[in-house]
Each structure stands twice: as C-alpha cells, then as structure tokens.
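# Structure assessment
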Amino acid sequence: MAVVVFAENNAGSFKKASFEIVSYAAAIARMMGTSVTAVVLGSMEDAVASELGTYGAAKVVKAADASLDTFESHAHAKALAEVAKSEGAKVVVLANTYAGKALAPRLSVKLSAALASGAVALPEINGSFTVLRSVFSNKGFANIQLDTDVKIVSLTPNSYKVVAEGSAAPVENRSLGISAVDFKSTSVEVKTVTGKIPLTEAELVVSAGRGMKGPENWHMIEEMATILGAATACSKPVSDMHWRTHDEHVGQTGITIKPNLYIAIGISGAIQHLAGVSGSKVIVAINTDKEAPFFKIADYGIVGDAFEVLPKLNEALSKFKAAN
Amino acid sequence: MKILVCISNVPDTTTKISFSSDNKEFNKAGVQYIINPYDELALTKALELNEAAGGGTVTAIHVGQVDAEPNLRKALAVGADDAVRIDTAPVDGFFVASEIAHFAKDKGFDLILCGRESIDYNGGMVAGMLGELLDWPSVNVITSITTSGGEAHLERDIDGGREVLKAKLPFVGSCQKELTEPRIPNMRGIMMARSKPLLVLPAATNTAHTQVATYAAPAPKAGCKFLEPSQVEELVQLLHTEAKVI
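For clarity, every value in this text was computed on a predicted model and none was experimentally measured.

Conventions we followed
Residues numbered from 1 in each chain as written. Chains lettered and ligands numbered in written order. Predicted model: local features only at pLDDT ≥ 70, side-chain atom pairs only at ≥ 80, totals over all residues. Heavy atoms only, no water. Axes fitted to C-alpha atoms, helices over the stretch in contact; angles between N-to-C directions. Helix = DSSP H or I, 4+ residues; strand = E, 2+ residues; numbered from the N terminus. Parallel < 35°, antiparallel > 145°, perpendicular 65-115°, else oblique. Left-handed = near helix turned anticlockwise from the far one by under 90°. Contact = heavy atoms within 4.5 Å. Nonpolar A, V, L, I, M, F, W, Y, C, P; charged D, E, K, R; others polar. Domains from an automatic or database assignment. Buried area = accessible area lost by both parts, 1.4 Å probe. Salt bridge = Lys/Arg side-chain N within 4 Å of Asp/Glu carboxyl O. Core = buried A, V, L, I, M, F, W, Y, C linked by side-chain atoms within 4.5 Å. Buried < 20%, exposed > 50% of the residue type's maximum accessible area, 1.4 Å probe, protein only. Pairing = 2+ DSSP bridges.

Turning next to the packing of helix α5 (residues 219-228) of chain A against helix α9 (residues 306-323) of chain A. Any two packed helices are characterised by the angle at which their axes cross and by the distance between the axes. Residue and element names in this part refer to chain A. Packing of α5 against α9 brings their axes to within 10 Å, and their N-to-C directions diverge by 15°. Overall, the two elements α5 and α9 adopt an arrangement that is roughly parallel. In the crossing of α5 with α9, the sense of the turn from one axis to the other is left-handed. On the side of α5, the interface is formed by Met-220, Ile-221, Glu-223, Met-224, Ile-227 and Leu-228, while α9 contributes Phe-307, Leu-310, Pro-311, Leu-313, Asn-314, Leu-317, Ser-318 and Lys-321. Residue classes in the contact of α5 with α9 are distributed as ten nonpolar, two polar and two charged.

Here we take up the domain arrangement of chain A. Residues and elements named next belong to chain A. On domain assignment, one finds that chain A holds domain 1 (3-182) and domain 2 (199-323). Each side of the interface is counted separately: domain 1 has eleven residues, and domain 2 has 14 residues. Summed over both partners, the interface of domain 1 with domain 2 buries about 1000 Å², with 42% contributed by carbon and sulfur atoms. Looking at the side of domain 1 facing domain 2, the largest losses of area belong to Asn-138, Lys-139 and Asn-158, adding up to 51% of the total buried there. Where domain 1 touches domain 2, the interface holds two salt bridges. For Lys-15, the salt bridge is made with Glu-201, and the minimal N-O distance between the two is 3.1 Å. Here the residues of the side of domain 1 that touches domain 2 sort into three nonpolar, five polar and three charged.

We now examine the interface of chain B and chain A. Contact residues are listed per partner, giving 79 residues for chain B and 85 residues for chain A. Both faces considered, chain B and chain A share a buried interface measuring about 6900 Å² in area, 58% of it formed by carbon and sulfur atoms. Contact with chain A buries area across many residues of chain B, yet Glu-132, Asp-159 and Lys-221 of chain B alone supply 10% of it, more than any other trio. Across the chain B-chain A interface, the total number found is seven salt bridges.

Within the largest apolar cluster, 52 residues are counted, with the highest numbers of intra-cluster contacts made by Leu-94 of chain A together with Ile-112 and Leu-130 of chain B. Examining the composition of this core, we find that eight residues originate from one element, helix α3 (residues 93-104) of chain B, more than from any other. Apart from the residues within four sequence positions on either side, Leu-94 of chain A is in contact with Phe-6, Ile-21, Leu-80, Gly-100, Leu-103, Ala-104, Leu-107, Ile-152, Val-153, Ser-154 and Leu-155 of chain A. Among the nonpolar cores identified, the runner-up in size contains 43 residues, and Val-22, Val-40, Ala-95 and Val-131 of chain A belong to it.

Once that is clear, we can look at the sheet that holds strand β13 (residues 231-234) of chain A. With parallel pairing, the six strands of this open sheet are ordered in space as β13(A)-β12(A)-β14(A)-β15(A)-β16(A)-β13(B). Edge positions in the sheet fall to β13 of chain A together with β13 (225-227) of chain B, since each has one partner strand and no second. Pairwise comparison of adjacent strand axes, ignoring direction, gives a mean angle of 20° for this sheet. In this structure, strand β16 (residues 300-303) of chain A lies alongside β13 of chain B, joined through three bridges in parallel fashion. Looking at the pairing, Ile-302 of chain A lines up with Leu-227 of chain B of β13 of chain B. The sheet strands contacting α5 of chain A are β12 (204-208), β13 and β14 (261-265) of chain A, and the helix crosses β12 of chain A at an angle near 175°.

Spatially, the ten strands line up as an open sheet ordered β11(A)-β9(B)-β8(B)-β7(B)-β10(B)-β6(B)-β1(B)-β4(B)-β5(B)-β11(B), and their pairing is mixed. Whereas interior strands pair on both sides, the edge strands pair on one side only; in this sheet they are β11 (185-192) of chain A together with β11 (198-202) of chain B. Across the sheet, the axes of successive neighbouring strands diverge by a mean angle of 30°, strand direction being ignored. Packing against the sheet, helix α2 (residues 69-78) of chain B makes contact with β4 (57-64), β5 (82-87) and β11 of chain B, and its axis sits at approximately 160° to β5 of chain B.

Following this line, the structure appears as structure tokens:
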C-alpha cells in the first residue's frame, strides 16, 4: 500500500517541483505508515535517480524505455499505472505542471482513482481522505474528499517545502514494454525557451501592467528580473494589447502562480489579476495611485511613478546582489 | 468535421467569491454566469475549423441544470448548430467527463474540444478523462490547430516552452489562450439561436469520485507597509531581513 510519486524526468535531471512532491509524498507515507516509491520514466543515470532518496523515497523504479523520453499522456499514463498497480499504490502523487495536468486525468480513469488536482497542503487522513485545493482561480479553497480506494493528488508547485533528510535510494530498473502503439500523438518538435525562467516554476516574479505605458519600456522590468534571477509576468491588458506574449499573463484567465516574491509594477490589481497571484508569499506593489486595490493584498508598497522608482530600485538591487 | 464542444457555466470573472456560514456551499446569490472563457475559445475554434474545411457541424454540450440554458443559447447564437444539456447537478470532473463520454461514444465525432480548465473549479481534468474513457488521444493546452486528411497539426504549451505535434482524429483537445479570439454573437445569430435544437437528456452514469467537504476563504492579509519612492534601499533590506525572500 505504498505511496507512489511520479518524478518528472527533465532530459536526464530533476526540477525542484519533483523534489517538492517526493518530500510531500514522504509526509503522506508517514501518516499512512508506509513508504514512498518514486517512478522515473525515460533515460536517466541511476546515480541521478537515486538522489530522490534524499527527499524521502524508499526506492526508485525507473523504466528507461527510450520511447518514454518523449512525453505523451497516453503512453506515460499507461507506464505509471502499471508501476502503481505493481506497487499496490493507495496514493499517487504528481506535480500539477503541464505534464502532470495531462497525465493525472488519464491515470485517474485507468486506476478508477479519485483525482484532486492543484492541492496546496497535505491531506487529512482520518477515516476519510480530504485535501485542500484552490478553487475559483484562487479566490477560495475547497477541502475535497476523495472517495475511491486509490487516490491521486497533484500538488501545485511551490506549495510544499523541500525536505532533504534521507540518503540515496536503491534504483530498480524495469522494462514496461511501452511501444510505439501506446503513443497516441506524435511529437514533431519541442521548442524550449532558453535563458528565461519559466513563470510557473519561478520563486521570484517581476510583473508589470499598463502603468509601463508601452512595450518599449519593458527593459527596466527585464533588468530587474535579471538582477534577481526572477521570471517576468504581466497583466491581462498588457497581453491583450500584445505588449507581452500570453504565456506571461497571470490572473484568473491566465496562469495562477504562488512564488515567494511577486513584485507588481504599474498594475492596479483588478480582482481577476489578484486571483492569480494572491497565493504569493510576499507581494510588493509599486503604483502611482495610492487607492490601487493591489495595496490591499500587498505586504510592501511604494506609491510612486514606476519610471522614477525602477531605475533606483534596480540600482539598489544590483548593489545588494553584488554584496550578498 | 463533426465537432463536439464542452461548455461549462461559470461565475463571471468579476465575481466576489463567498461561502455559506457553515462553509458547505458557494453563495450563488446575485452571481452572473458566463460561458467559461476557455470554452468560448473551443467553440470559436470549432467554427473556424469547419469554415476552413468548408462544412461540418458543431454541437455544444453542457452537463448541468436548466439555469445554464441562456449560455447554451448564447453558444448557439455564436454559431453552434445544436446544443445538448445533460440534466443533472454535476459533482466533479469525472462525473462530467463520464456523462460527455457516454453521450459522445457512438455519435461519430471527429473532434471534441473543451477549455483548458473551468475558472470555477479549475480541475482541468475533463479533456484527459474523456480521452481515456473514449480511448482517444488527448492533447492539453493547445495554442494552435489545423486539420487535414484525418490528422491534426497542433501546438501546445509545455513546461518551459512549446511543443509541435500531430494527432490522428478523433481526439480530445483542451484550449488555451492564443488559440483564437472568442466570437461575439451578432443579431442574426441571436435570432437564429431561438429556433436551433436544444436537446435535454437525462444523466446516464451519475458517478462521482470526489465531493467538496468544506470551502474556505483565503486568509486575510496583515496590511501593507508603505515606503516612500526614495526608500528603495530600505525596501531591498526589508525583503532580505524581514521577508527573507531575496
């Protein structure tokens, strides 16, 4: 009755979201008095895979079928379901990334398992199994009760602290017999954005709105993001006017994020925008209008003109970074 | 092509969300309902695909109660040929996917499109579940689609980039922003929608895997600490020493 966790294989290595969910799965396993089996699909060195033990996996099952190097929801769901069944999994944990969102629903049907997507906290297990997830695009939360024997939880990135206390785990290599017929769609090309931190994974986010007056002024935002090692984001009007691409749009109809730090520059804070970012741990708002709704949910605020504040703030951040 | 579009009925994006005093229910009083914005993209793209192919039909399906019918009529006004409402109170994503799969399985659809997620329960699971229930491919968060010769060429968002891929019809796609601009009904469409068929069917499966035990409102914020525009160095120090985020 193990807890099985799917650790995404990012071209032979792991991202932080995978360490988070292994730590999360380990905490669930402790509640249930069982252990964690981590599953890795596709090519990866054993030494890298065994690292998941550090975060609480008792063992790692690796299916290095080369075909699994390309993500496809049907084939990956089949592979993961096979391991979950052989391990007698009662709980399966995934990260609520794009890959996790594609995989979890298919897995849910395959295993006749209830799915709680976008969980933000550990489940409560006492007779029933409930887990907190955000609903209404972060304007509220719901405790979801999972009523099936096997349960699937996908965890929103940045919702659980990585715990590195264990040691390397044994790696069991398996062949799951996944073949070309299991792939229901064919990947033609993967275009990875390089030199830019993906917004959904970012711990620090610098975001700007119409107050920037035009796309030509975004160099100040990008400069701050570079200094901090942050991702850039924007409000809906900015993406609607094509000042920035849609993948930067955070808010109710864009991306929902919960970074450690969200700096909002020249964004008034419409309810739809706040919904997408209110899960951020610390919010800084810079706006000319002291009545801007963003100040109601911000931790730190500066009432001032972005064109005046940004150059000075970038300089101060540069100085800080150079000294620390 | 024969295309099925899944429509969810959601609170308007400006809605302030509140719950009953026992936290068991979402307060629906005074809430305006709209077609889920991502489903509007699915509907518009279905119409565009058929226009490009020179013909076809678009059916809009909703699993839910009679109060969603104005939005189904709106889907008809935008251009859907007919609409279907499965008359039941949906419980979770699996419940909805099972009803739609049951309806769609023997109808010969070439394509099913849904939104990437509903903006109320944000489960984002109906497309994948439909794919699995029908044993079709499912492709999430598509930002581009064209079809030719029984095959679709797609682009979709992936973690840290974009993927170009192909899928054979029939399949299920979930629609992401950038796919198209939602179409607004015109007067002629609104007039025609009145006489288009809206079929009401009983629920067939009535199966849920989950239920909402309780709701909770977000914790209130402690309040904003204001600094002067000249105090940028103080702000940096506060972020470092007090907030500990840099």
